[in-house]
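Given next are the chains, with one letter for each unit.
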Amino acid sequence: MTVGTRKFASVTAIRTPASSSTSFAAGHGISLKGLNDALVTVFDTMLDWQDRARQRNRLGEMDDHLLRDIGLSRADLEHEAAKPFWRA
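Residues numbered from 1 in each chain as written. Predicted model: local features only at pLDDT ≥ 70, side-chain atom pairs only at ≥ 80, totals over all residues. Heavy atoms only, no water.

Engineer: Hey, could you go over the overall build of the protein chain for me, with residue numbers and the actual values?
Structural biologist: Each helix and strand in the protein chain was counted, giving 5 helices and 2 strands. Within the protein chain, the fraction of its 88 residues that count as buried is 10%. Pairs at least 24 apart in sequence give 25% of the contacts found in the protein chain among residues at least 6 apart. For the protein chain, the accessible area works out to roughly 6,900 Å², and carbon and sulfur atoms hold 59% of it. (Helix = DSSP H or I, 4+ residues; strand = E, 2+ residues; numbered from the N terminus. Buried < 20%, exposed > 50% of the residue type's maximum accessible area, 1.4 Å probe, protein only. Contact = heavy atoms within 4.5 Å. Areas by Shrake-Rupley, 256 points an atom, 1.4 Å probe, with all protein chains shown as cover.)

Here is the structure:
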């Protein structure tokens, strides 16, 4: 028995009482693999942003001697620290 039909782009998703109660993704023509891939990508991006912000903060804590040891100047550090966390 068909309860309702919804169209998304060119895909038709048929909703039955069993499928509509088990999963939002199944009822909307979204594959679980696609949803999982999207969530993993978002999570990885957020971890990259967090790591980048942490690295920039640690660079800011270094004195000039340590910066010279790794080949950076204070100006290089200020340039890097001025970038937002989402910019590489």
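Engineer: How would you explain a nonpolar patch on the surface if you had to name every residue and give the values?
Structural biologist: Together, V42, M46, W49, F85 and W86 make up a nonpolar patch on the protein surface, roughly 520 Å² of accessible area in all. Turning to its location among the elements, W86 is positioned in the segment after α5 (74-81). (Patch = residues over 30% accessible without salt bridge, like charges linked within 9 Å, V, L, I, M, F, W, Y side chains within 5 Å. Salt bridge = Lys/Arg side-chain N within 4 Å of Asp/Glu carboxyl O.)

Engineer: Lay out the side chain of R56 with the relevant residues and their values.
Structural biologist: Along the chain, the position of R56 falls in helix α3 (residues 32-61). Only 2.9 Å separates the side chain of R56 from the side chain of E80, close enough to count as a polar contact. Within the structure, R56 has its side chain in polar contact with the backbone oxygen of P84 (distance 2.8 Å). For R56, the contacting residues outside a window of four places in its chain are E80, K83, P84, F85, R87 and A88. (Polar contact = N/O pair within 3.5 Å; in protein donor to acceptor, adjacent residues only side chain to side chain.)

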